[in-house]
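Coordinates in review
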Amino acid sequence: MSAIWSTQMRPYFLLTRTAHYSLCPRTSPTLRSHSHSLALTRKSFKQPPPLLFQQQQQQQRCLSYSHPRLNRRQRPLLTLAIETSCDDTCVAVLEKHAGAAAARLRFDRKLTSDNREFHGVRPIVAVVSHSENLAAMVREAMRALPEVTPRRQGENADGDGDAIDDEDPSGLVRSAEAEEVLWVDGRARRKPDFVTVTRGPGMLSNLSTGLNTAKGLAVAWDVPLLGVNHMQAHALTPRLVGALAEWERMQQGPQQQQQRRAGDEQEGGATALLKGENVAVEPTPAFPFLSLLVSGGHTLLVLSRSLNDHAILAEARNIAIGDMLDKCARVILPESELAGSDNVMYGRLLERFAFPDAAAGEGYDYDYGYEPPPAPDKPRILDSGLGWFLTPPLSTTEMVYDLSGLNGQVQKVLHERPDTDVAGRRILARHTMRLAFEHLGSRLLLALSGGGSDDSQADGRQKRDNSDLGAIRTVVVAGGVASNRYLLHILRAMLDARGYGHVELVCPPLPLCTDNAAMIAWTGMEMYEAGWRSDLDVLSLRKWALDPGAEGGGILGASGWRREED
């Protein structure tokens, strides 16, 4: 697995040479839209002017701030993003290099509501948590926005003024719009270019908390709003990870960059470069790729052809994989394990309980002693030797995920044998996960081989040509369940056993597998650069299909989109 997926997310500065943009009083107090200049004079303030202007009442001097020496089209894009689709309150600030697939996180926080009393997510508790914590988290994120360094007009870099910009030996001064500045705790900071927020799918009241906050910020700051699809964000997360790694690479010396690039090429990675520079301009993985999106609310196998074209190849018929694992964990885990958890994501505890030695280590090289089944549609029945059996889910070629039967079997085993000891429960935990994960892998192999039966028309989706599956070289595993290392081990073993060793299996780092605002910010970046904006009257969507062939038209089928041509 490429080292790119374990890259630590540390903020770096991309450019050291800066230019200065001036915030100058002008002759007209006219206020214009965010896409034009904003002229300010002291008379235009109805309230007492900021201290910075008060100190300059007798002498009108222009202010400037330092920013990478780029014009408005070339400078880094900046967004503040909000995610509140379920029980996690998340805010992030992401900065993306102009014209390159390189980005850095300036801020990334998450707070999960406490639902342990209910052994599952209780929407009203999550909404209260969002309402209590979101505003303060946004305020904290604003402190992470790029700082604007004021200096008076006429100052230069050779020491003739009161302030010197050490990062800009040229002393270049340019005019800038005043609306590009936010005052946070008395400090001038750069305003985000747009606000990104999860619009759906998810719990309506929870989504609305974040969406309404984002609308307020967009109106107050006079910047565009981007309401994005939560599942699209999961699918695009590996491209975010690649951009974060590219930003880090750009901070390295030329020799390190060359070695890193050579290593990527040896692993089969293809990267488009800026002309004359060793900088990636296209995010990786490149389209098309397959995505297995596995979480508490979704189980989807998706063929991602482009930013907004994600064809659903298989989806859950009943219960999602994450929900199934949580339910099984509640009855399998000893009470002491449940009581020691600080959240209700019991599926994660199930893996730790089943493989305590693997949980203590790092990486994905733990020896699980696993052998893949002889064929993707012929999983093995488990005879525990303890008087109970587990039958695998769905052994046909139908492209659906059907996990309710396995969940029911697990519940029945422990309902009939409540005194099962720890060793017996550990066996049940291991094989519950094995059978569920082999079921996920079987549909993946059927898709790659073209052997799965197409049921798209049965659920309202249009039948589509999936001949481009033969070009797939990357399978992305994303969503909360993607953090399960046993799942990745089983998928890799099944791919290798069936002749797909050349297909790369990639997974984001653990913090980006579960719900987070960083993936929302990145999706906003890609949509913004493609020209998409959201109207301010958009509403939250409990259901929002990914597939453009599904009822509703997929991502762009939702109302409220508008396209701005560059």
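Since this is a predicted model, take the numbers as computed values, not measurements.

Another aspect to go through is the overall build of the protein chain. Counting secondary structure elements, the protein chain contains 14 helices and 21 strands. Buried residues in the protein chain amount to 53% of all 566 residues. In the protein chain, of all internal contacts separated by at least 6 residues, the share reaching a separation of at least 24 is 73%. Working note: accessible area of the protein chain is about 25100 Å², and carbon and sulfur atoms make up 49% of it.

Within this structure, the stated rule accounts for 7 aromatic pairs. Considering the side-chain rings of phenylalanine 287 and phenylalanine 289, the 5.3 Å spacing of their centres and the 15° angle between planes classify their relative orientation as stacked. A ring pair is formed by phenylalanine 437 and tyrosine 486, whose centres lie 6.2 Å apart and whose planes are at 70°; its orientation type is edge-to-face. Of this pair, phenylalanine 437 sits in helix H11 (residues 422-449) while tyrosine 486 sits in helix H12 (residues 485-497); the two residues are 49 residues apart in sequence, bridging distant segments of the chain. Exposure class is identical for phenylalanine 437 and tyrosine 486. Each is buried. Grouping aromatic residues by their ring pairs yields a cluster made of Phe355, Tyr368, Phe437 and Tyr486. One residue, arginine 199, lies across the ring of tryptophan 544, its end atom 5.6 Å from the ring centre. Sitting over the ring of tyrosine 528, arginine 533 keeps its end group 3.7 Å from the ring centre.

Further remarks concern the packing of helix H10 (residues 404-416) against H11. Between H10 and H11, the shortest axis-to-axis distance is 11 Å and the interhelical angle comes to 170°. As far as their axial angle goes, H11 and H10 are roughly antiparallel. Within the contact between the two elements, H10 uses Leu406, Val410, Val413 and Leu414 and H11 uses Arg425, Leu428, Thr432, Leu435 and Ala436. Classifying every residue of the contact of H10 with H11 gives 7 nonpolar, 1 polar and 1 charged.

Turning to the pattern of salt bridges, a few remarks are in order. As enumerated under the stated definition, the model contains 22 salt bridges in all. The salt bridge involving arginine 417 is made with glutamate 416; its shortest N-O contact spans 3.4 Å. A relative accessible area of 48% places glutamate 416 in the partly exposed class.

Okay, the sheet that holds strand S14 (residues 309-316) next. The mixed open sheet is built from 6 strands, whose spatial order is S17-S14-S13-S12-S18-S19. Single-partner strands in this sheet number two, and they are strand S17 (400-401) and strand S19 (504-506). In terms of strand pairing, strand S12 (residues 289-294) meets strand S18 (residues 474-478) through 4 bridges, oriented parallel. Paired with serine 291 across the bridge in S18 is valine 476. Packing of helix H4 (residues 230-250) onto the sheet brings it into contact with S12, strand S13 (299-306), S14 and S18, and relative to S12 it is tilted by some 125°.

What follows concerns the environment of cysteine 86. Tracing the sequence through the fold places cysteine 86 in the loop between strand S3 (77-83) and strand S4 (88-96). The class of cysteine 86 is buried, set by a relative accessible area of 19%. Considered as a pair, cysteine 86 and aspartate 515 are 429 residues apart in the sequence and their alpha carbons are 8.5 Å apart. The residues contacting cysteine 86, other than those within four sequence positions of it, are Val121, Ala126, His130, Met203, Asn206 and Asp515.

This part is about the confidence of the model for the protein chain. A residue-level look at the protein chain finds 70% of positions with pLDDT of 70 or above and a mean pLDDT of 78. Across residues 1-70 the pLDDT falls below 50, and counting only partners more than four positions away or on other chains, this stretch makes 174 contacts in the model. This stretch, residues 265-276, has a pLDDT under 50; its non-local contacts, to residues over four places away or in other chains, come to 19 contacts.

The subject of this paragraph is the environment of arginine 187. Within the secondary structure, arginine 187 is located in strand S9 (residues 187-190). Looking at arginine 187, the relative accessible area reads 46%, which means it is partly exposed. Excluding its chain neighbours within four sequence positions, the residues that come into contact with arginine 187 are Glu147 and Leu182.

A few words now on the nonpolar core. By size, the foremost hydrophobic cluster in this structure holds 67 residues, and its most contacted members are Leu290, Leu301, Ile321, Met324, Ile332 and Phe437. Per-element accounting of this core gives the leading share, 12 residues, to H11. Among all residues touching leucine 290, those that are not within four sequence positions of it are Val302, Leu303, Leu313, Leu444, Leu448, Leu469, Ile472, Thr474, Val475 and Val476. By size, the runner-up hydrophobic cluster in this structure holds 44 residues, among which are Leu77, Leu512, Trp532 and Trp561.

Burial runs high along S13: 7 of the 8 residues are buried. Taken together, the 6 bridges between S12 and S13 define a ladder with antiparallel strand orientation. Residue pairing across strands places phenylalanine 289 opposite serine 304, the latter belonging to S13. Between the end of S12 and the start of S13, which pair antiparallel, lie 4 residues. Here 6 bridges tie S13 to S14, and the two strands are oriented antiparallel to one another. Bridged to leucine 303 within S14 is alanine 311.

Each turn of an α-helix holds 3.6 residues, which means side chains three or four residues apart point in the same direction. Between the first and last C-alpha of H12 there are 18 Å, a value that for 13 residues agrees with the 18 Å anticipated at 1.5 Å per step. Two or three places before tyrosine 486, at the opening of H12, asparagine 484 has a side-chain oxygen 2.9 Å from that residue's backbone nitrogen. In the segment just after H12, glycine 499 is the residue with positive phi, at about 90°.

It is worth spelling out the pairing of S18 at this point. Here S18 lies mainly inside the structure; 5 of its 5 residues are buried. Residues Thr474, Val476 and Ala478 of S18 are buried on one face, and the alternating residues Val475 and Val477, pointing to the opposite face, are buried as well. Pairing analysis gives 3 bridges linking S18 to S19, with the strands arranged parallel. By the bridge assignment, valine 475 is partnered in S19 with leucine 505.

What counts, and at which threshold
Residue numbers restart at each chain and count upward from 1, following the sequence in its written direction. With the structure being a predicted model, the display of local features is reserved for residues of pLDDT at least 70 and the display and counting of side-chain atom pairs for 80 or more, all residues being used for whole-chain, interface and lining totals. Side-chain figures throughout are based on the complete set of non-hydrogen atoms in the structure, without hydrogens or water. To qualify as a helix, a DSSP run of H or I must reach at least 4 residues; to qualify as a strand, a run of E must reach at least 2; elements of each kind are numbered from the N terminus. Note on classification: 1.4 Å probe, protein chains only; a residue is buried when its accessible area is under 20% of the maximum for its type, exposed when over 50%, partly exposed between these limits. Note on contacts: a residue pair qualifies if any of its non-hydrogen atoms lie within 4.5 Å across the two residues. The accessible surface values rely on the Shrake-Rupley method and a 1.4 Å probe; as for residues, cover is taken only from the protein chains in view. Two aromatic rings, drawn from Phe, Tyr or Trp (for Trp, its six-membered ring), form a pair once their centres lie within 6.5 Å of each other, and the interplanar angle then sorts them: stacked below 30 degrees, edge-to-face above 60, tilted otherwise. Lysine and arginine charges are scored as sitting over a ring when NZ or CZ, respectively, is within 6 Å of the ring centre and within 35 degrees of the ring normal. All axes are obtained by fitting lines to C-alpha atoms, using only the stretch in contact for helices, and the reported angles, taken between N-to-C directions, cover 0 to 180 degrees. Relative orientations are named as follows: roughly parallel for angles under 35 degrees, roughly antiparallel for angles over 145 degrees, roughly perpendicular for angles from 65 to 115 degrees, and oblique for any other angle. Note that Gly is not counted as nonpolar here; it falls among the polar residues with everything else outside the nonpolar set of Ala, Val, Leu, Ile, Met, Phe, Trp, Tyr, Cys and Pro and the charged set of Asp, Glu, Lys and Arg. Whenever Lys or Arg places a side-chain nitrogen within 4 Å of a carboxyl oxygen from Asp or Glu, that contact is recorded as a salt bridge. DSSP-based pairing: two strands are paired if at least 2 bridges between them are found. A residue's pLDDT is simply how confident the predictor is in it, with values from 0 to 100. The term nonpolar core refers to a set of buried residues drawn from Ala, Val, Leu, Ile, Met, Phe, Trp, Tyr and Cys, joined through side-chain atoms within 4.5 Å. Any helix carries an expected span of 1.5 Å times its number of residues minus one. Here a polar contact is taken to be a pair of N or O atoms separated by no more than 3.5 Å, where protein atoms must pair a possible hydrogen donor with a possible acceptor and residues adjacent in sequence count only if both atoms sit in side chains.

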